[in-house]
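Commentary on secondary and tertiary structure
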Amino acid sequence: MSSKPVVLIAEELSPATVDALGPDFEIRHCNGADRAELLPAIADVDAILIRSATKVDAEAIAAARRLKVVARAGVGLDNVDVSAATKAGVMVVNAPTSNIVTAAELACGLILATARNIPQANAALKKGEWKRSKYTGVELAEKTLGVVGLGRIGALVAQRMSAFGMKIVAYDPYVQPPRAAQMGVKMLTLDELLEVSDFITVHLPKTPETLGLIGHEALRKVKPNVRIINAARGGIVDEEALYSALKEGRVAGAGLDVFAKEPCTDSPLFEFDQVVCTPHLGASTDEAQEKAGIAVARSVRLALAGELVPDAVNVQGGVIAEDVKPGLPLAEKLGRIFTALAGEVAVRLDVEVYGEITQHDVKVLELSAVKGVFEDVVDETVSYVNAPLFAQERGVEVRLTTSSEATEHRNVVTVRGTLAGGEEVSVAGTLTGPKHVQKIVAIDDYDVDLALADHMVVLRYEDRPGVVGTVGRILGEAGINIAGMQVSRRAAGGEALAVLTVDDTVPAGVLNELATEIGATSARSVNLA
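Now for a description of the structure that goes with this document. All values reported here derive from a predicted model rather than from experimental measurement. (Residues numbered from 1 in each chain as written. Predicted model: local features only at pLDDT ≥ 70, side-chain atom pairs only at ≥ 80, totals over all residues. Heavy atoms only, no water.)

What to know about the packing of helix α16 (residues 467–477) against helix α17 (residues 508–518)
Between α16 and α17, whose axes approach to 10 Å, the crossing angle comes to 155°. As far as their axial angle goes, α17 and α16 are roughly antiparallel. With respect to the hand of their crossing, α16 and α17 are arranged in right-handed fashion. Residues Val467, Thr470, Val471, Arg473, Ile474 and Leu475 of α16 form the contact with α17, whose participating residues are Val510, Glu513, Leu514, Glu517 and Ile518. For the contact of α16 with α17, the class distribution of residues is seven nonpolar, one polar and three charged. (Axes fitted to C-alpha atoms, helices over the stretch in contact; angles between N-to-C directions. Helix = DSSP H or I, 4+ residues; strand = E, 2+ residues; numbered from the N terminus. Parallel < 35°, antiparallel > 145°, perpendicular 65-115°, else oblique. Left-handed = near helix turned anticlockwise from the far one by under 90°. Contact = heavy atoms within 4.5 Å. Nonpolar A, V, L, I, M, F, W, Y, C, P; charged D, E, K, R; others polar.)

Okay, here's the thing in structure tokens:
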């Protein structure tokens, strides 16, 4: 068995993809489209890189005993069972921005092709036909382009086509008019857009709400000279409705790169000379494929290093601000310390984040803390993917609290849990200095200031002389070196809390001896190694 993590490349990817993975992995190859070859090949790999031909379904995920990440070098995930992957704790990543320029440029090309009949004229001339008058087109200047979906790709199309002198209008319920105005785009309702547009280009995700959006009803509201472009997802433009509109002269032309069922090699729409069709070429440029491969290779590296991946589609948290990233391992370790101190699963878990870091989205710190809480609780591998599922299955209510105010530290993360008996346990930590040193700053109501270590002991006992000496003697006799120690108390003679960092794990027998000798009300060993 390889000592390196194994990455299976199941389809042809650019050489830059392998280069981006680097030397830290064993690279294997297979034909992912061949199930008989895929299922045995995936059995002992840590990651699989695919494009569109490999189907990573529940069967494949069940066969992959070590699988940690599925990486799709592209945008769509129709060939990945994301739900099954999530249940198995497998991260699913894609390359959501790799083809936005390529897809936008293809849409622009289809607009130009439908306006000037370029492919039809090309085909006719190559047949020896010189038909200039038949392929007379229309100018784009002063025409109105209706952009349905003003996301990243739609915005790029709007920007590029405005350079042709087109008037740009758009429909997108999630884009505010002031933002659109900055792009020189006027926002309209869908009905208004249908009525005024000379060209309509679709740039929406395929959802139950958008399926058939441009259908029979919509196509009865358009100008008869309109040309419809769909380089987004098949099915958003109803192909049957489009056929009827073209047949009845209610639509002048169309440019289609996607279809409801693919591959599509036979469609009634192909009978129209004014319909330009391409075989889903939206992401098919050398540059886009290279970007996608490099992007998912980097994501695989992060995932197999146990880090959170911003492009993971089945992980809560979204894009992570650079100032937030150093807090991820701290929050996870605080979660593990909480579990060690509590000795049981909480019924409610509060992750509290205070300080200037809250100017960013810190939801990911909650996720990291929950991952840590269950790290030493369950037998399965706990990942950023399945940690929320473990909490849900055990009935743990998880809440995130944030505030920009922190009293004694620049930023503080606290993991606080309420146990079944009503007892509350909490541990707080912070990062200090340019090297982001991880420190515990509080356990329950006790102030602490101690750097985190792989091995720690937390003791509660009645404050009195000689306890520290006893602790040192017992650990010394057991051959365990104390690296650091801090004692915190509310009042002399009251309850005290001692936190020790040690060089090795404290065996259960030694921990019990410590508790007995000093009369500890609680003695917990924390092991983060």
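Focus: the pairing of strand β17 (residues 437–443)
Buried residues dominate β17, accounting for five of its seven residues. When strand β16 (residues 424–432) meets β17, the two strands line up antiparallel, connected through six bridges. Looking at β17, one finds that Ala428 is bridged to Ala442. Linking β16 to β17, which pair antiparallel, is a turn of four residues; within it Gly433 sits at a positive phi near 75°. Strand direction decides the pairing type here: β17 and strand β18 (residues 446–451), joined by four bridges, are antiparallel. Looking across to β18, one finds that Lys439 is bridged to Ala451. Turn length for the β17-β18 hairpin, with the two strands adjacent in sequence and antiparallel, is two residues, and the turn residue Asp444 shows positive phi of about 55°. (Buried < 20%, exposed > 50% of the residue type's maximum accessible area, 1.4 Å probe, protein only. Pairing = 2+ DSSP bridges.)

Considering the pattern of salt bridges
Per the counting criterion, the structure on display carries 32 salt bridges. The salt bridge partner of Glu322 is Lys325, with a shortest N-O separation of 2.8 Å. The network of salt bridges with common partners includes Asp444, Asp445, Arg460, Arg490 and Glu495. (Salt bridge = Lys/Arg side-chain N within 4 Å of Asp/Glu carboxyl O.)

Remarks on the nonpolar core
Counting 73 residues, the largest nonpolar core has Met91, Val300, Ile337, Phe338, Leu365, Phe374 and Val427 as its most contacted members. Ranked by the residues each element gives to this core, the list is headed by helix α13 (residues 327–342), at nine residues. Here Phe338 is in contact with Ala346, Leu349, Val373, Val415, Arg416, Gly417, Leu419, Val425 and Val427, once residues within four sequence places are set aside. Ranked by size, the runner-up nonpolar core spans 29 residues in total, among them Val169, Ala218, Val222 and Val226. (Core = buried A, V, L, I, M, F, W, Y, C linked by side-chain atoms within 4.5 Å.)

A short note on the sheet that holds strand β7 (residues 167–171)
Spatial ordering of the open sheet is given by β8-β7-β6-β9-β10-β11-β12, a layout of seven strands whose pairing is parallel. One side of each edge strand has no neighbouring strand; the edge strands of this open sheet are β8 (186–187) and β12 (275–277).

Topic: the packing of aromatic side chains
For the coordinates displayed, the defined rule picks out three aromatic pairs. Considering the side-chain rings of Phe259 and Phe270, the 6.1 Å spacing of their centres and the 90° angle between planes classify their relative orientation as edge-to-face. One end of the pair, Phe259, is in the loop between β11 (253–256) and β12; the other, Phe270, is in the loop between β11 and β12, with 11 residues separating them in the sequence. Overall, the relative accessible area of 6% leaves Phe259 in the buried class. (Phe/Tyr/Trp six-rings, centres within 6.5 Å; stacked < 30°, edge-to-face > 60°.)

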